[in-house]
Amino acid sequence: MNPTALMIMLLSLAIGTTMALVSHHWLLAWIGLEINTLAIIPLMTKTPHPRAIEAATKYFLTQASASALILFSATMNAWKTGEWSITLLSDPYTITLSMALMMKLGLAPLHFWLPEVIQGIPLSTGLILSTWQKIAPMTLLLQISHLTDLNLLITMGLASILVGGWGGINQTQLRKIMAFSSIGHLGWMMLILKFNPQLTLFNFLLYITMTAAMFFSLMSISSTKISEISSSWPKSPILVTTMMLVLLSLAGLPPLTGFSPKLLIILELVKQNTLLLASVTMLASLLALFFYLRLTYVMILTLPPHIPPSSTHWRMTKNSPLAATLTTLALLIFPLSPTFLLIM
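Residues numbered from 1 in each chain as written. Predicted model: local features only at pLDDT ≥ 70, side-chain atom pairs only at ≥ 80, totals over all residues. Heavy atoms only, no water.

- Looking at an unreviewed UniProt entry, the protein chain carries the name NADH-ubiquinone oxidoreductase chain 2, with the source organism given as Nanorana phrynoides.
- In the Function (unreviewed entry) part of its UniProt record, the protein chain is described as follows: "Core subunit of the mitochondrial membrane respiratory chain NADH dehydrogenase (Complex I) which catalyzes electron transfer from NADH through the respiratory chain, using ubiquinone as an electron acceptor. Essential for the catalytic activity and assembly of complex I."
- According to its UniProt record, the protein chain has this under Sequence similarities (unreviewed entry): "Belongs to the complex I subunit 2 family." (UniProt positions renumbered as here; feature names shortened; annotations may be inferred.)

Here is the structure:
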């Protein structure tokens, strides 16, 4: 892609997200979300492959439907209350706005577009879609968290954790696995959104860190299938080892970063006397743990036959300092969790 065009698209993404973050007015927030949607579509289609065009079309139709629902609900709410303020919502429109924002995030049962879209686009665009594009809808959900329906959040949160675990088990494509991982993590955030929005924000920041670290690692070894990462150990043993640890961190195993939000969420659910919900959530997360462990097994504990004896550095793209920083954060933040929660 032309560097100037790329810069314009990335700048538009930044402007759209910033506009949605700083606005107190539903119309401005909607404009920010629309700029975000339109800016990423050229990035999806920068390699003019039929699969990329299909992914961009699916993404556009889904996001346009969610945006239309947001605009309709906000307009009806303004008609009823006389206010466009984000935090002033009347009863029926809170649910429709929440559903529209969840559709933009890709929460189950409104998740069907996400795996297909991420599978059809390059890893670099998949990184933006899995991290940056989630910021604006999640911030709007956090702003209206005190008004949202608790039953809706728990239902969609549990459904997302189950779908995220169940859907990823049988996958061989790494981008689809990361998409189902994203759905599962967002489900954990929805469970706790009403009880403790601060903890949802903490979980979201750690999710972005871990997912970005994983995508950067996959971009370094140019892998999109499980069969490709199985032969990546000879290329760079250190990188593959850190990738394995990032996967275990995404799975939520102690003492890695990903254990921190899961532990705090379960403690919060127990504190709210929702023991059954906490138990079901922990059992559902075992599904996701299975496919993360399957990936780590393929990467570390199996070696392909006929490994070439020559050095294979030419097969890799150079890793950036940003990727190294994100990987370090994705592995070592757990001891600092109380500090971060105090700051927030």
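Next comes the rest of the description.
## Description of the packing of helix H5 (residues 113-120) against helix H9 (residues 174-193)
Inference 1: Axis separation between H5 and H9 bottoms out at 8 Å; the angle between their running directions is 145°. Remark: the crossing between H5 and H9 carries right-handed chirality. Contacts between H5 and H9 involve Leu 114, Pro 115, Glu 116, Ile 118 and Gln 119 on the former and, on the latter, Arg 175, Lys 176, Ala 179, Phe 180, Ser 182 and Ile 183.
Inference 2: Among the residues forming the contact of H5 with H9, the class breakdown is six nonpolar, two polar and three charged. (Axes fitted to C-alpha atoms, helices over the stretch in contact; angles between N-to-C directions. Helix = DSSP H or I, 4+ residues; strand = E, 2+ residues; numbered from the N terminus. Left-handed = near helix turned anticlockwise from the far one by under 90°. Contact = heavy atoms within 4.5 Å. Nonpolar A, V, L, I, M, F, W, Y, C, P; charged D, E, K, R; others polar.)

## A word on the domain arrangement of the protein chain
Inference 1: For the protein chain, the assigned domains read domain 1 (1-131) and domain 2 (149-343).
Inference 2: Using C-alpha coordinates to define each centre, domain 1 is positioned 23 Å away from domain 2.
Inference 3: Counting residues at the interface gives 24 residues for domain 1 and 27 residues for domain 2.
Inference 4: At the boundary of domain 1 and domain 2, one finds one salt bridge.
Inference 5: Among the ionic pairs, Lys 176 bridges to Glu 116, the shortest N-O distance being 3.4 Å.
Inference 6: The interface formed by domain 1 and domain 2 holds six residue pairs in polar contact (both at pLDDT 80 or more) in total. (Domains from an automatic or database assignment. Salt bridge = Lys/Arg side-chain N within 4 Å of Asp/Glu carboxyl O. Polar contact = N/O pair within 3.5 Å; in protein donor to acceptor, adjacent residues only side chain to side chain.)

## Quick word on the pattern of salt bridges
Inference 1: Applying the stated criterion across every chain yields a total of five salt bridges.
Inference 2: The residue Lys 271 makes a salt bridge to Glu 268 at a minimum N-O spacing of 3.4 Å. Residue Lys 271 and its partner Glu 268 are both found in helix H13 (residues 259-271); the two are separated by three residues, about one turn of the helix.
Inference 3: Look at Glu 268 and you get buried, because its relative accessible area is 7%.
Inference 4: A network of salt bridges, in which partner residues are shared, links Glu 54, Lys 58, Glu 116 and Lys 176. (Buried < 20%, exposed > 50% of the residue type's maximum accessible area, 1.4 Å probe, protein only.)

## A closer look at the packing of helix H7 (residues 132-143) against H9
Two measures define how a pair of helices packs: the angle their axes make with one another and the distance between the axes.
Inference 1: Contact pair H7 / H9: the axes reach a minimum separation of 12 Å and the direction vectors enclose 15°. When the axis of H7 is compared with that of H9, the two are roughly parallel. For the pair H7 and H9, the crossing hand works out as right-handed. Counting all contacts with H7, which are made through Lys 134, Met 138, Leu 141 and Leu 142, the residues of H9 involved are Ser 182, Leu 186, Met 189, Met 190 and Leu 193.
Inference 2: The residue inventory of the contact of H7 with H9, partitioned by class, reads seven nonpolar, one polar and one charged. (Parallel < 35°, antiparallel > 145°, perpendicular 65-115°, else oblique.)

## Things to note about the UniProt feature "signal peptide" (unreviewed entry) in the protein chain
Inference 1: When the UniProt feature table is mapped onto this chain numbering, "signal peptide" (unreviewed entry) sits at residues 1-20.
Inference 2: Secondary structure across residues 1-20 comprises 90% helix and 0% strand; the distance between its end C-alpha atoms is 27 Å.

## Quick look at the packing of aromatic side chains
Inference 1: Enumeration according to the criterion identifies four aromatic pairs in this entry.
Inference 2: Measuring from centroid to centroid gives 4.8 Å for Phe 291 and Tyr 292, while their planes differ by 40°, and the two rings are tilted.
Inference 3: Assessed through its relative accessible area of 1%, Phe 291 is described here as buried.
Inference 4: Just above the ring of Trp 188 sits the side chain of Lys 262; from NZ or CZ to the centre is 5.1 Å. (Phe/Tyr/Trp six-rings, centres within 6.5 Å; stacked < 30°, edge-to-face > 60°. Lys NZ or Arg CZ within 6 Å of the ring centre and 35° of its normal.)

## Topic: the nonpolar core
Inference 1: Ranked by size, the top nonpolar core spans 52 residues in total, and within it Met 214, Leu 218 and Ile 229 carry the most contacts.
Inference 2: With 11 residues, helix H10 (residues 197-221) is the largest single contributor of residues to this core.
Inference 3: Apart from residues no more than four positions distant in its own chain, Leu 218 is found in contact with Leu 123, Leu 174, Met 178, Ser 223, Ile 229 and Met 243.
Inference 4: Formed by 31 residues, the second largest nonpolar core is a distinct cluster that contains Met 102, Leu 107, Leu 142 and Leu 152. (Core = buried A, V, L, I, M, F, W, Y, C linked by side-chain atoms within 4.5 Å.)

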